[in-house]
Amino acid sequence: PAFEAQIPQIFSHVYRIGNFYIMGTDQRPRNTDRPDRTGEEVVLQAVRLFSSLLDANGDGAVDQPKLLTTMGQNFAFAIGADQTLRPIEETLDRETGRYVISMKTDIWPFFPDWNGKGFRLSRLDSSLWRPDKMNALWEECFHAYTESWNLHSNQWSFGKKGGLGRAMATDIKTGDYDIQEQNRLEHGDYDWNTAVNEYIHQIWVVQKGGQDEILTEPQQKVLEFMRTSPGFSMDMNKDYSGSLAVKVR
């Protein structure tokens, strides 16, 4: 209730899964497949994607309640235009302690029919790679999920000494993966932990697309780590039909 009271009225659509909030404006997505897409559509798909991540076996219940609690205590998810969300992200973070992960619908692509398949890849060698016509909403939901695992389990450390960080470091050392180009584009602000989280997401996308045979040995180890982490979801279902979420607004 305390957090709900601080959600700005510009968010016309607010849902809650446990203590984790998904908030969206009515601002239309700009880079999308049809001009009549609405902000509410983005919110509703985010609710389904988060629900499918949290209920990987599809039985209508949260698989890892403690993970969900961690997610809700530390993060919230916002949907809308970049300039609208920036001051809100900072305010909510400062006043509630929840880091707001966002889907910026005016600058990132929203392709609601994306199913994670239909692309070809010869090698995963850059942090900048994304499949053509990928739905950025999948990536942002996935990052919120893995950031929560990072806080939930010591095994999920993104640091340089953790297994995930060491795998990426090996790829970089052997010349099989690059993060420097993205770091230059972000004027030196592309930090290591963010890079590891991106690396994990890319590997997950590659396996979702059925392309995991192209992964390097370190990337294969990261994939195996995800597959063997109890309760970790290796899929996202845009058509999830369960009822994990409660409509708040």
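Now for a description of the structure that goes with this document. (Residues numbered from 1 in each chain as written. Predicted model: local features only at pLDDT ≥ 70, side-chain atom pairs only at ≥ 80, totals over all residues. Heavy atoms only, no water.)

1. Points about the overall build of the protein chain
Working step 1: Per the secondary structure count, the protein chain includes eight helices and five strands.
Working step 2: Helices (α) and strands (β) of the protein chain occur, in sequence order from the N terminus, as β-β-α-α-β-α-β-α-α-α-α-α-β.
Working step 3: For 249 residues, the compact-globule estimate of 2.2 N^0.38 gives 18 Å, and the C-alpha radius of gyration of the protein chain, at 18 Å, lies within 12% of that figure.
Working step 4: A total of 249 residues make up the protein chain; the buried ones form 52% of that total. (Helix = DSSP H or I, 4+ residues; strand = E, 2+ residues; numbered from the N terminus. Rg over C-alpha atoms; globule rule 2.2 N^0.38 Å. Buried < 20%, exposed > 50% of the residue type's maximum accessible area, 1.4 Å probe, protein only.)

2. Describing the pairing of strand β2 (residues 20-24)
Working step 1: With respect to burial, β2 is a largely interior element, five of its five residues being buried.
Working step 2: Alternating residues of β2 divide into Phe20, Ile22 and Gly24 and Tyr21 and Met23, and every residue in both groups is buried.
Working step 3: Pairing analysis gives five bridges linking strand β1 (residues 13-17) to β2, with the strands arranged antiparallel. Bridge pairing in β2 links Tyr15 to Ile22. (Pairing = 2+ DSSP bridges.)

3. A short note on the packing of helix α1 (residues 39-54) against helix α4 (residues 136-152)
Working step 1: Packing of α1 against α4 brings their axes to within 10 Å, and their N-to-C directions diverge by 45°. Taken together, the axes of α1 and α4 lie oblique to each other. Here α1 and α4 pass one another in a crossing that is right-handed. Judged by residue contacts, Val42, Gln45, Ala46, Leu49, Phe50 and Leu53 of α1 engage Leu137, Trp138, Cys141, Phe142, Ala144 and Tyr145 from α4. (Axes fitted to C-alpha atoms, helices over the stretch in contact; angles between N-to-C directions. Parallel < 35°, antiparallel > 145°, perpendicular 65-115°, else oblique. Left-handed = near helix turned anticlockwise from the far one by under 90°. Contact = heavy atoms within 4.5 Å.)

4. As for the pairing of β1
Looking down a regular strand, the side chains alternate between one sheet face and the other.
Working step 1: Of all the five residues making up β1, four are buried; the element is thus mostly covered by neighbouring parts of the structure.
Working step 2: What sits between β1 and β2 in their antiparallel hairpin is a turn of two residues, with Gly18 showing a positive phi close to 60°.
Working step 3: As defined by bridge partners, β1 adjoins strand β5 (residues 246-247) across two bridges and the pair is classed as antiparallel. Opposite Tyr15, over in β5, you have Lys247 as the bridge partner.

5. As for the nonpolar core
Working step 1: Ranked by size, the top nonpolar core spans 61 residues in total, and within it Ile22, Phe77, Leu124, Leu137, Cys141, Ile200 and Met226 carry the most contacts.
Working step 2: Aside from chain neighbours lying at most four places away, what touches Met226 is Phe142, Trp156, Ile200, Ile203, Trp204, Phe232 and Met234.
Working step 3: Of all hydrophobic cores here, the second largest spans twelve residues; its members include Phe3, Tyr21, Ala76 and Ile88. (Core = buried A, V, L, I, M, F, W, Y, C linked by side-chain atoms within 4.5 Å.)

6. Topic: the packing of aromatic side chains
Working step 1: Across all of its chains, the model carries 16 aromatic pairs by this definition.
Working step 2: Look at Phe119 and Trp129: their rings are 5.7 Å apart centre to centre, the planes differ by 55°, and that puts the pair in the tilted class. A residue pair is termed long-range when its members are at least 10 positions apart, and Phe119 in the loop between β4 (99-104) and α4 and Trp129 in the loop between β4 and α4 qualify at ten residues. Side by side, Phe119 and Trp129 carry an identical accessibility label, which is buried.
Working step 3: Ring geometry for Trp149 versus Trp156: centroids 5.7 Å apart, planes at 40°, classification tilted. Each of the two residues, Trp149 as well as Trp156, counts as buried.
Working step 4: Through pairs of rings, three or more aromatic residues link up here, namely Phe142, Tyr145, Trp149, Trp156, Trp204, Phe225 and Phe232.
Working step 5: The ring of Phe3 carries the charged tip of Arg98 above its face, separated from the ring centre by 4.4 Å.
Working step 6: Above the ring of Trp192, the side-chain terminus of Lys160 is found at 5.2 Å from the ring centroid. (Phe/Tyr/Trp six-rings, centres within 6.5 Å; stacked < 30°, edge-to-face > 60°. Lys NZ or Arg CZ within 6 Å of the ring centre and 35° of its normal.)

7. A look at the environment of Ile17
Working step 1: With respect to the helices and strands, Ile17 occurs in strand β1.
Working step 2: In this structure the C-alpha to C-alpha distance between Ile17 and Asp189, which are 172 residues apart in sequence, comes to 32 Å.
Working step 3: Beyond its immediate stretch of four places on either side in the chain, Ile17 contacts Ile22, Val47, Phe50, Ser51, Leu54, Leu68, Leu244 and Ala245.

8. Comments concerning the sheet that holds strand β3 (residues 75-80)
Working step 1: One open sheet holds the five strands; their spatial order is β4-β3-β2-β1-β5, and the pairing between them is mixed. Two strands in the sheet have a free side with no partner beyond their single neighbour: β4 and β5.
Working step 2: In the packing of α1 onto the sheet, the strands contacted are β1, β2, β3 and β4, and the crossing angle to β1 comes to about 5°.
Working step 3: Seen against the sheet, helix α2 (residues 65-74) touches β1, β2, β3 and β4 and runs at an angle of roughly 65° to β3.

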